[in-house]
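Close look at the chain arrangement
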Amino acid sequence: MIETDRDLRAVEATLFASDQPMTVEQIRSYVGDSVDVAAALTHLSEHYEGRGIELVRRGKTWHFQTAADLAHLLRREREESRKLSRAAVETLAIIAYHEPVSRAEIEAIRGVQISKGTLDVLMEAGWVRPAGRREVPGRPLLFATTPNFLTHFGLTSRKDLPGIADLKAAGLLDPIDSAISEMLFTGEESDAELAIDENNA
């Protein structure tokens, strides 16, 4: 039982006190190497399933959050939503499916240049971040999604992103969208992408 298991309680308390999502390594630095943090997290996520608060994983990090079906009870005021431009949506999709990706690669997929403001909007939203530079002539800056991107869209990892068949089945693609999506989804993953997915596994 969680009420009497010291290790589980230690992991629970560490996560509860943190104002930021935490990785297994970060939790271990508080509770000690003798604690099986991964097993504790699995047990805790099952323990909190269906309750008012839930323990969720976003990428490599874990945090407590209000259950999605109860979030409306805690909202005192609704923030004004900001609609992304089509260019921003397309750019975000390209980054999410192909990260890490450079501006030139984004433009090659979209077929048009993107303004600096488009990437600025996505970074201000906390969904996109600089991800180093590609080791080729010119060393172009690379872009990738953030843990906030996963949290906002309710994804555990990028593997949960819908495929083109899912989007078509849901009726979310018009003919122009389908053509763009074909460019997004076709082609094999780069060595860099495969390395990132292996590291995230």
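Cut-offs used in this document
Residues numbered from 1 in each chain as written. Predicted model: local features only at pLDDT ≥ 70, side-chain atom pairs only at ≥ 80, totals over all residues. Heavy atoms only, no water. Helix = DSSP H or I, 4+ residues; strand = E, 2+ residues; numbered from the N terminus. Expected span 1.5 Å × (residues − 1). Buried < 20%, exposed > 50% of the residue type's maximum accessible area, 1.4 Å probe, protein only. Core = buried A, V, L, I, M, F, W, Y, C linked by side-chain atoms within 4.5 Å. Contact = heavy atoms within 4.5 Å. Polar contact = N/O pair within 3.5 Å; in protein donor to acceptor, adjacent residues only side chain to side chain. pLDDT = per-residue confidence, 0-100. Arc of directions from axis to C-beta.

1. Some points on helix α4 (residues 86-98)
Taking 1.5 Å per residue, 13 residues should reach 18 Å; α4 reaches 18 Å between its end C-alpha atoms and fits that length. All of the buried residues along α4 are Ala 88, Glu 90, Thr 91, Leu 92, Ile 94, Ile 95, Ala 96 and His 98.

2. Some points on the nonpolar core
With 18 residues, the main nonpolar core has Leu 92, Ile 95, Ile 106, Leu 119, Leu 122, Val 128 and Phe 149 as its most contacted residues. Mapped onto this core, the elements with two or more residues apiece are α4, α5 (103-110), α6 (116-124) and α7 (147-152). In terms of residue count, α4 provides more of this core than any other element does, 5 residues in total. Beyond its immediate chain neighbours, meaning those up to four positions away, Ile 95 contacts Val 101, Ile 106, Leu 119, Val 128, Phe 143, Ala 144 and Thr 145.

3. Quick notes on the environment of Glu 90
Summarising the element assignment, Glu 90 is placed in helix α4. Only 2.9 Å separates the side chain of Glu 90 from the side chain of Arg 86, close enough to count as a polar contact.

4. What to know about the confidence of the model for the protein chain
Detailed reading of the predicted coordinates is not advisable wherever pLDDT falls low. Mean pLDDT for the protein chain: 78, with 75% of residues reaching 70 or above. Here residues 187-201 is a poorly scored stretch, pLDDT under 50, and it has 14 contacts once near neighbours within four places are set aside; other chains count.

5. A few points about helix α3 (residues 37-48)
In this model α3 runs 16 Å from its N-terminal to its C-terminal C-alpha over 12 residues, within 8% of the 16 Å that 1.5 Å per residue would give. Buried residues of α3: Val 37, Ala 40, Leu 41, Leu 44 and Tyr 48, and no others. Down the axis of α3, the buried set is contained in an arc of 100 degrees. They therefore lie on one face. Where α3 is buried, its residues contact α1 (6-17), α2 (24-31), β2 (53-58) and β3 (61-66). Once α3 finishes, Gly 50 follows within two positions and takes phi at roughly 85 degrees, a positive value.

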